[in-house]
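Structure assessment
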Amino acid sequence: MINDKILILGSTGQLGSQLRELLDSQAIDYLAPSSKQLDITNADLVTQYFQKYQPTIIFDCAAYTNVDGAEGEPGKTLDHKINVEGTKFVAQAAEMIKATLFYISTDYVFDGNKTTAYLPEDQPHPQCEYGRTKAEGETSVLNIMSKYYIIRTSWVFGQYGHNFVYTMLQLAENHSQIKVVNDQIGRPTWAKTLAQFMIYAWRQKISYGIYQLSNDNYCSWYQFAQEILTDKKVKLIPISSADYPQKAQRPQRSIMNLDKVKATGFLIPTWQSALREFKEEITN
């Protein structure tokens, strides 16, 4: 483990930035090229970079995550280039040098129609273009890689980048009331918890495979907003998804089963406690 050479892709995004912060705090060295330094949609560049630097652990946090923006012509969007082609090129180059790949996926690979929590082995059935491209990315990793971790997550919030928590806090500053969808159910995920699990999986050398990691407990977006704005004087109004039309179809119930992660010994905080700690961090 000490001899591992770590490469972080998507190092300036919400998760990649959080991962860098944790590794820095532990004085762990890593490579973190920007997308301009390493364009993962260019197969030759990816192969050359991997051959030159020979990383043994690759944290692939690179992704196109604009869910509504992905709803273009299938196969011809930037979403497809990054999430499908880019993932395939990364997996091929990683396998060539026998590296271990961490691929971050999403609850959007599921249709949201299951009444119980989704298991890691459940068959993906995405309902939007973003979900389809992430599911295709999973398939590339499964078909190409020998040593891999596919980690599905959901409703990510954190210190870096845009997310639902920041949006709610900003809206509360200049609105007396906010309408929030109350019929989509899932698990919020603190980027710090996700990054901690990635480092834990690497350090503990847990079994390769598909894992699902969010914070424990579940809620609707409306309930999430209630907790975010518990100390704000703003009225929240619950609405249905039909009252807030969006280009991409969201899964109505995308609760993912966390038992496989818990079985590794990793302790998962509730989303409520994670949110409280996060809010303390950004206000201090």
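Further up the page is the structure itself.
The following refers to the structure shown. (Residues numbered from 1 in each chain as written. Predicted model: local features only at pLDDT ≥ 70, side-chain atom pairs only at ≥ 80, totals over all residues. Heavy atoms only, no water.)

Another point: the pairing of strand E2 (residues 57-60). Every second residue of E2 is oriented toward a common face, with Ile57 and Phe59 on one face and Ile58 and Asp60 on the other, all of them buried. Across four bridges, strand E1 (residues 6-9) lies against E2 in parallel orientation. Across the sheet, Ile6 pairs through a bridge with Ile57, a residue of E2. Bridging between E2 and strand E3 (residues 100-106) involves four bridges; their strand directions are parallel. Within E3, the position partnered with Phe59 by the bridge is Phe102. (Buried < 20%, exposed > 50% of the residue type's maximum accessible area, 1.4 Å probe, protein only. Helix = DSSP H or I, 4+ residues; strand = E, 2+ residues; numbered from the N terminus. Pairing = 2+ DSSP bridges.)

Spatially, the five strands line up as an open sheet ordered E1-E2-E3-E4-E9, and their pairing is parallel. On the outer flanks of this sheet lie E1 and strand E9 (209-212), each paired with one strand and no other. Strand-to-strand twist across the sheet, computed as the mean angle between neighbouring axes with direction ignored, equals 20°. (Axes fitted to C-alpha atoms, helices over the stretch in contact; angles between N-to-C directions.)

Non-glycine residue Lys205 carries a positive phi angle of around 50°. Locating Lys205 in the fold gives a position in the loop between helix H6 (191-204) and E9. A positive phi is found at Asn217, a non-glycine position, where the angle reads about 75°. Note that Asn217 resides in the loop between E9 and strand E10 (219-220).

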